[in-house]
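Coordinate inspection notes
Spelled out, the chains give:
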Amino acid sequence: MTAPATRRPEPPREVKTRRSKTGRKVRDNLTGHAFLIGAVLCFALFMWFPMVRGIVMSFQRTRRGETTWVGWDNYTRIVADPSFWIAWKNTFIFTILALVLGYLLPFFVAILLNEFRHAKGYLRILVYLPVMLPPASALFLFKYYAYDPSEAGLFNAILKALHLPTSEWMQSPTMTIPAMVIASTWMNMGSAVLIYLASLQNIPGELYEAAELDGAGVWRRIWNVTIPQTRLILTLLAMLQIVATMQLFIEPLILANGAGTQDSATSVAYLIYQHGFFQNDLNGAAALSVIMLIVLAAFSAVYVRLTTKQD
């Protein structure tokens, strides 16, 4: 006779529930970390590795397949190049003009659109439409249609109709950067307008009603209500605008065929492209890229410092 098999006592229901919750948390964490690891690997491979590789290359010189360490020679050679200072001057002028036009204009367009009661969706699509165009196509449209130096060009036709003197636009050293600012603003303002609109719609209407009861006009309401309520978005987009405009590249490449008349369109990013692909000076291009990285990092540090003090 064999003894009957003894059954192990089942764990209480509370223990089972606790184990199932723990197992579910572990599976959820594993799934989340798996997705996170993939994103981190892609970011490290396509972002951090090229950045670190560029910094290393800036201290090297490669000739006939042989690489040697040269220290700061690439930096001193790049800084001694006259085109270096011309490129930085053009880049800073473009950034300042883009802040005046491309930063303020979308904000006021958003305020205007926010006041409309009808056709809001249609107007938003109309404003955002240039963003959906490929940048190269939009710039070629400006180059061959709007900025035609003859009277057949759109802008010159408008100036002639207003009995104003026409311009050579991209062929004029003084008008090259303003013309690029106009084209860049038209292409990119749609995204900023939508962000501003989303921020404006979160402002409580009671604030505007209180300002109206106090006798505040339109400009006083914008200054005392709209701007303080959207300060975070304004400062964030200002920093993004500076970082984006200082990486000016495609506008001079297409509109001005690179350097432009008398180097009037040469930017730092285009100078990097010129060193790397035309002069086969990858080490000099890497050194110039590191200099730009330091400048943009300094702007970002100033932004973080100022926003921290304001908070």
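The chain carries the name Sugar ABC transporter permease in an unreviewed UniProt entry, which gives Paractinoplanes ovalisporus as its organism. UniProt lists a comment for the chain under the heading Sequence similarities (unreviewed entry), and it reads "Belongs to the binding-protein-dependent transport system permease family." Taken directly from UniProt, the Subcellular location (unreviewed entry) text for the chain runs: "Cell membrane".

A separate point is the packing of helix α3 (residues 82-115) against helix α4 (residues 120-132). Remark: α3 packs on α4, axes separated minimally by 10 Å, with the N-to-C direction vectors making an angle of 160°. When the axis of α3 is compared with that of α4, the two are roughly antiparallel. Classified by chirality, the crossing of α4 by α3 is right-handed. Touching Val109, Leu113 and Asn114 of α3 are Lys120, Leu123 and Val127, all from α4. Residues of the contact of α3 with α4, tallied by class, amount to 4 nonpolar, 1 polar and 1 charged.

With that settled, consider the pairing of strand β2 (residues 66-69). Judged from the 4 bridges that link them, strand β1 (residues 60-63) and β2 form a sheet pairing that is antiparallel. Each bridged residue has a counterpart across the sheet, and for Arg63 the counterpart in β2 is Glu66. A loop of 2 residues connects β1 with β2, the two strands running antiparallel in sequence, and Arg64 in this loop sits at a positive phi of about 55°.

On to the UniProt feature "transmembrane region" (unreviewed entry) in the chain. UniProt marks residues 30-49, 92-113, 125-146, 177-198, 230-250 and 285-306 with the feature "transmembrane region" (unreviewed entry), using the numbering shown here. Along residues 30-49 the backbone is 100% helical and 0% strand, and the end-to-end C-alpha distance reaches 26 Å. With 100% helix and 0% strand, residues 285-306 has end C-alpha atoms that lie 32 Å from one another.

The next subject is the packing of aromatic side chains. Taken as a whole and assessed by the stated rule, the structure comprises 22 aromatic pairs. For the pair Phe142 and Trp186, a centre-to-centre distance of 5.3 Å together with 65° between the ring planes defines the contact as edge-to-face. Of this pair, Phe142 sits in helix α5 (residues 135-146) while Trp186 sits in helix α7 (residues 176-200), and the two are 44 residues apart along the sequence. Between Tyr270 and Tyr273 the ring centres are 5.8 Å apart and the planes differ by 40°, which places this aromatic pair in the tilted class. Of this pair, Tyr270 and Tyr273 both sit in helix α12 (residues 268-278), separated by 3 residues, roughly a single helical turn. Clustering of aromatic rings is evident, with ring pairs tying together Phe142, Tyr147, Phe155, Trp169 and Trp186.

Okay, unusual backbone geometry next. You will see that His163, though not glycine, has its phi angle at about 60°, which is positive. The backbone of Asn280 sits at a positive phi, close to 55°, despite the residue not being glycine. Residue placement: Asn280 occurs in the loop between α12 and α13 (282-310).

Residues annotated by UniProt as "domain: ABC transmembrane type-1" (unreviewed entry) correspond here to residues 88-303. Between the C-alpha atoms that bound residues 88-303 the distance is 21 Å, and the span itself is 75% helix and 0% strand.

Residues of α5 that are buried: Ala138, Leu139, Phe142, Lys143 and Ala146. Buried residues of α5, seen end-on, are gathered within an arc of 135° and therefore sit on one face of the element.

Another aspect to go through is a nonpolar patch on the surface. A cluster of nonpolar side chains, Phe43, Leu45, Phe46, Met47, Trp48, Met51, Val52, Ile55 and Leu293, forms an exposed patch at the surface whose accessible area comes to about 860 Å². At 8 residues, the largest contribution of residues to the nonpolar patch is made by helix α1 (residues 13-57). Residue position: Trp48 is located in helix α1.

Here we take up the environment of Leu123. Inspection of the secondary structure puts Leu123 in helix α4. For the pair formed by Leu123 and Leu113, sequence separation is 10 residues and the distance between their alpha carbons is 7.4 Å. Among all residues touching Leu123, those that are not within four sequence positions of it are Leu113, Phe116 and His118.

Right, let's get into the side chain of Ser184. Within the secondary structure, Ser184 sits in helix α7. Reaching out from Ser184, the side chain makes a polar contact with the side chain of Glu251 at a distance of 3.5 Å. Those residues in contact with Ser184 that lie beyond four places of it in its chain are Phe94 and Glu251.

What counts and what doesn't
Residues numbered from 1 in each chain as written. Predicted model: local features only at pLDDT ≥ 70, side-chain atom pairs only at ≥ 80, totals over all residues. Heavy atoms only, no water. UniProt positions renumbered as here; feature names shortened; annotations may be inferred. Axes fitted to C-alpha atoms, helices over the stretch in contact; angles between N-to-C directions. Helix = DSSP H or I, 4+ residues; strand = E, 2+ residues; numbered from the N terminus. Parallel < 35°, antiparallel > 145°, perpendicular 65-115°, else oblique. Left-handed = near helix turned anticlockwise from the far one by under 90°. Contact = heavy atoms within 4.5 Å. Nonpolar A, V, L, I, M, F, W, Y, C, P; charged D, E, K, R; others polar. Pairing = 2+ DSSP bridges. Phe/Tyr/Trp six-rings, centres within 6.5 Å; stacked < 30°, edge-to-face > 60°. Buried < 20%, exposed > 50% of the residue type's maximum accessible area, 1.4 Å probe, protein only. Arc of directions from axis to C-beta. Patch = residues over 30% accessible without salt bridge, like charges linked within 9 Å, V, L, I, M, F, W, Y side chains within 5 Å. Areas by Shrake-Rupley, 256 points an atom, 1.4 Å probe, with all protein chains shown as cover. Salt bridge = Lys/Arg side-chain N within 4 Å of Asp/Glu carboxyl O. Polar contact = N/O pair within 3.5 Å; in protein donor to acceptor, adjacent residues only side chain to side chain.

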